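Report on the structure
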Amino acid sequence: MATNLACPYCYETFTARDIMFRCTTQPGSTGKRCTRERDPVLAERRGLRGEVGPVFTAKTKGHLAPCPRCEAMSAFRICPVCHSTLPAQFGMVDNRLIAMVGAKASGKTVYMTVLLHELMNRVGAGGGFALMAADDATMTRFGSDYRDQLYRDGRLFHGTRTAVANANRVDPLVFRFGLERRRLLGSRPEHTLLSFFDTAGEDFNSQESVQLNTRYLANADGVILILDPLQLPGARPHARPGTVLPDTEGEDSPINVLSRVTSMLLPHRAGAGPAARLLPGRRGSGRISTPIAVVFAKLDAVWDGLAAGSPLRAHPPGGDRFHTEDSLNVHEEVRHLLREWRGGAIDQILDTNYERYRYFGLSALGNGPTADSRVAATGIQPYRVTDPLLWLLSEFGSVPRQRRA
Ligand SMILES: Nc1nc2c(ncn2[C@@H]2O[C@H](COP(=O)(O)OP(=O)(O)OP(=O)(O)O)[C@@H](O)[C@H]2O)c(=O)[nH]1
Ligand SMILES: [Mg+2]
Ligand SMILES: [Zn+2]
Ligand SMILES: [Zn+2]
């Protein structure tokens with residue numbers, strides 16, 4: 001069976017043979033030239049309404065094909081479902097889809113922005129990683145919709161729009177991730193394409209949104225579940241004075257969000273036909289094999305509730321590896337805190353339904369925001385933000401593991 005590829009933009013799957021091409025509209029050797037036109041598929045699926053080269057199919061698994069109209073060769077490969085231009089190395093390097101999920105206001109968008117910014121800048125400089133936008137749209141959108149607002153203007157985000165409110169679309173950000181070490185050794189740097197998909201907390205409440213997000217979640221290679229520790233009844237007494245406390249009950253409670261995410265990941269697999277058994281993500285146990293990183297965000301807000309010797313208080317070893325020992329210490333500590341803070345049911349759901357889950361604790365901002373929803377005067381001081389992604393990448397085999405410090 002041909003291996004399934006998944007589009008980093010629409011998360012639909014297809015095989016290498018299904019990939020289509022877009023004419024460059026540059027004149028070819030014959031002198032004929034195609035004109036740009038509107039692409040209704042691109043408009044509907046991605047909301048992109050500009051004029052682009054015409055689309056054509058070619059019976060090739062290669063990276064070049066001649067346009068049937070003007071005969072000019074084109075290297076613009078596009079997704080057969082949404083017509084997005086695929087990144088240059090698509091199909092040759094690993095392509096991983098990562099979904100950010102969690103209750104409303106748990107901190108998903110802030111975390112995603114800080115994580116990407118850190119990987120592109122600070123960590124990238126010293127940590128041996130390189131992260132770059134894989135396409136122009138990602139570069140522009142990450143800058144204007146995320147980075148500038150938080151880092152330049154110091155403003156926090158409004159709630160992320162639900163997929164339904166966004167014309168039934170989600171717009172993933174697509175990056176190229178690499179380890180710099182290999183480049184130093186002279187070999188070709190090996191890259192992984194990473195597609196990040198930020199959901200709206202509200203997406204887990206509405207039925208329509210659930211359907212759309214189910215496809216994205218089902219095709220995700222890794223899930224990052226953000227938990228706001230302040231939603232756990234037992235953590236609230238430890239909150240820093242002045243912290244605004246979110247609701248603990250109802251639709252948006254961490255346990256409800258985790259239950260919904262879990263049932264979105266489960267039935268797709270259990271109910272699917274024989275072919276689905278070959279899909280990554282499903283194995284014999286009946287449990288979900290998609291790795292899920294379960295993250296206590298906003299650690300700064302409950303810092304005073306951590307014991308003096310807590311592994312969460314220790315800075316991670318750093319470098320371009322995933323540190324197993326540190327991670328397992330943190331994992332056990334968070335599990336212990338979950339029980340202590342009356343969130344033990346979360347652990348039970350994970351243990352029953354997931355083959356691979358790991359706990360993390362981090363703070364994206366490092367400090368609570370001001371009363372008028374701005375970044376604190378001390379600036380953004382991220383703490384342990386790369387741990388969950390490095391774990392996922394180590395699970396995918398894209399980042400090496402180091403057992404002991
Ligand atoms: N103390 C503290 N507060 C944080 C941190 N990160 C986010 N917050 C707070 O949480 C709020 C919500 O963060 P968002 O990232 O917008 O939340 P979200 O999960 O994307 O919310 P939706 O898009 O509505 O689902 C922010 O406005 C901050 O007040 C952090 O690292 N520390
Ligand atoms: Mg958001
Ligand atoms: Zn053409
Ligand atoms: Zn697509």
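Shown above is the structure to which this text applies.
Attention in this report is confined to the structure presented alongside it. Note that the structure is a prediction, hence the values are computed from the model and not measured.

Along the polypeptide, Asn 219 turns up in helix α6 (residues 207-219). Beyond its immediate stretch of four places on either side in the chain, Asn 219 contacts Tyr 11, Glu 12, Thr 13 and Leu 97.

Attention shifts here to the coordination of the zinc ion (ligand 3). For the zinc ion (ligand 3), the full set of protein donor atoms is Cys 23 (SG), Cys 34 (SG), Cys 67 (SG) and Cys 70 (SG), and the range of their distances to it is 2.3 to 2.4 Å. Given four donor atoms and angles of 101 to 115° at the metal, the environment of the zinc ion (ligand 3) is assigned as tetrahedral. Spacing between the donor residues of the zinc ion (ligand 3) along the chain follows C-x10-C-x32-C-x2-C. In this pair, Cys 23 is assigned in the loop between β3 (20-22) and β4 (37-38) and Cys 67 in the loop between β7 (65-66) and β8 (73-74), connecting sequence segments 44 residues apart. Accessibility expressed as a relative area gives 3% for Cys 67, which makes it buried.

Thr 109 (OG1) and Thr 160 (OG1) make up the full set of protein donors to the magnesium ion (ligand 2), lying at 2.0 Å. Of this pair, Thr 109 sits in helix α2 (residues 108-120) while Thr 160 sits in the loop between α4 (136-152) and β12 (173-179); the two residues are 51 residues apart in sequence, bridging distant segments of the chain.

Turning next to the site of ligand 1. Neighbouring ligand 1 are 20 residues; Lys 108, Val 110, Thr 160, Gly 201 and Asp 300 lie closest to it. Take Lys 104: an N or O atom from its side chain is 3.2 Å from an oxygen atom of ligand 1. Taking Gly 107, its main chain carries an N or O atom lying 3.0 Å from an oxygen atom of ligand 1. If ligand 1 stood free it would expose 660 Å²; the protein chains cover 90% of that surface. Among the residues forming the shell around ligand 1, the class breakdown is eight nonpolar, eight polar and four charged.

When you tally the buried positions in strand β13 (residues 191-198), you get eight out of eight residues, the bulk of the element. Alternating residues of β13 divide into His 191, Leu 193, Ser 195 and Phe 197 and Thr 192, Leu 194, Phe 196 and Asp 198, and every residue in both groups is buried. In terms of strand pairing, strand β10 (residues 94-102) meets β13 through seven bridges, oriented parallel. Bridging across to β13, Asn 95 finds its partner in Leu 193.

With that settled, the discussion passes to the packing of aromatic side chains. What characterises a pair of aromatic rings is the spacing of the ring centres plus the angle enclosed by the ring planes. Tallied over the full model, the rule gives 14 aromatic pairs. With a centroid separation of 6.1 Å and an interplanar angle of 55°, the aromatic rings of Tyr 146 and Phe 157 are classed as tilted. With Tyr 146 in helix α4 and Phe 157 in the loop between α4 and β12, this pair connects stretches of sequence that are eleven residues apart. We classify Tyr 146 as buried; its relative accessible area is 12%. Site record: aromatic cluster; members linked through ring pairs are Phe 142, Tyr 146, Phe 157, Phe 175 and Phe 196. Seen from the ring of Phe 396, Arg 96 lies directly overhead, with NZ or CZ sitting 4.5 Å from the centre.

Relative to the assigned elements, His 336 resides in helix α8 (residues 324-340). A residue is classified by how much of its surface remains accessible, and His 336, at 41% relative accessible area, is partly exposed. Sequence-wise, His 336 and Asp 347 are eleven residues apart; in three dimensions their C-alpha atoms are separated by 9.8 Å.

Time to look at the sheet that holds β3. One key point about sheets: their strands pair by backbone hydrogen bonds, in either a parallel or an antiparallel sense. Read from one edge to the other, the open sheet built from three strands follows the order β6-β3-β9, with strand pairing classed as antiparallel. The two strands at the open ends of the sheet, each matched to only one other strand, are β6 (55-56) and β9 (76-78). By the bridge criterion, three bridges tie β3 to β9 in an arrangement that is antiparallel. Following the sheet pairing, Met 20 is matched in β9 by Ile 78.

Attention shifts here to the sheet that holds β12. The sheet built from seven strands is open, its strands ordered β11-β12-β13-β10-β14-β15-β17 with mixed pairing. Edge positions in the open sheet fall to β11 (129-133) and β17 (357-361), since each of these has one partner strand only. Neighbour to neighbour, the strand axes of the sheet diverge by 25° on average, direction disregarded. Pairing between strand β15 (residues 292-296) and β17: five bridges, direction parallel. Residue pairing across strands places Ala 293 opposite Arg 358, the latter belonging to β17. Across the sheet, α2 is in contact with β10, β11, β12, β13 and β14 (222-227); its angle to β13 comes to roughly 160°. The strands touched by α8 within the sheet are β15 and β17, with β17 carrying the most contacts at an inclination of about 85°.

Along β10, eight of the nine residues are buried, which leaves the element largely enclosed by surrounding structure. Alignment of β10 against β14, held across five bridges, turns out to be parallel. What sits directly across from Ile 98, in β14, is Gly 222.

Analysis parameters
- Residues numbered from 1 in each chain as written.
- Chains lettered and ligands numbered in written order.
- Predicted model: local features only at pLDDT ≥ 70, side-chain atom pairs only at ≥ 80, totals over all residues.
- Heavy atoms only, no water.
- Helix = DSSP H or I, 4+ residues; strand = E, 2+ residues; numbered from the N terminus.
- Contact = heavy atoms within 4.5 Å.
- Donors = N, O, S within 2.8 Å, 3.2 Å for Na, K, Ca; no water.
- Tetrahedral: all angles 85-135°; square planar, octahedral: opposite > 155°, others 65-115°.
- Buried < 20%, exposed > 50% of the residue type's maximum accessible area, 1.4 Å probe, protein only.
- Near = heavy atom within 4 Å.
- Polar contact = N/O pair within 3.5 Å; in protein donor to acceptor, adjacent residues only side chain to side chain.
- Areas by Shrake-Rupley, 256 points an atom, 1.4 Å probe, with all protein chains shown as cover.
- Nonpolar A, V, L, I, M, F, W, Y, C, P; charged D, E, K, R; others polar.
- Pairing = 2+ DSSP bridges.
- Phe/Tyr/Trp six-rings, centres within 6.5 Å; stacked < 30°, edge-to-face > 60°.
- Lys NZ or Arg CZ within 6 Å of the ring centre and 35° of its normal.
- Axes fitted to C-alpha atoms, helices over the stretch in contact; angles between N-to-C directions.

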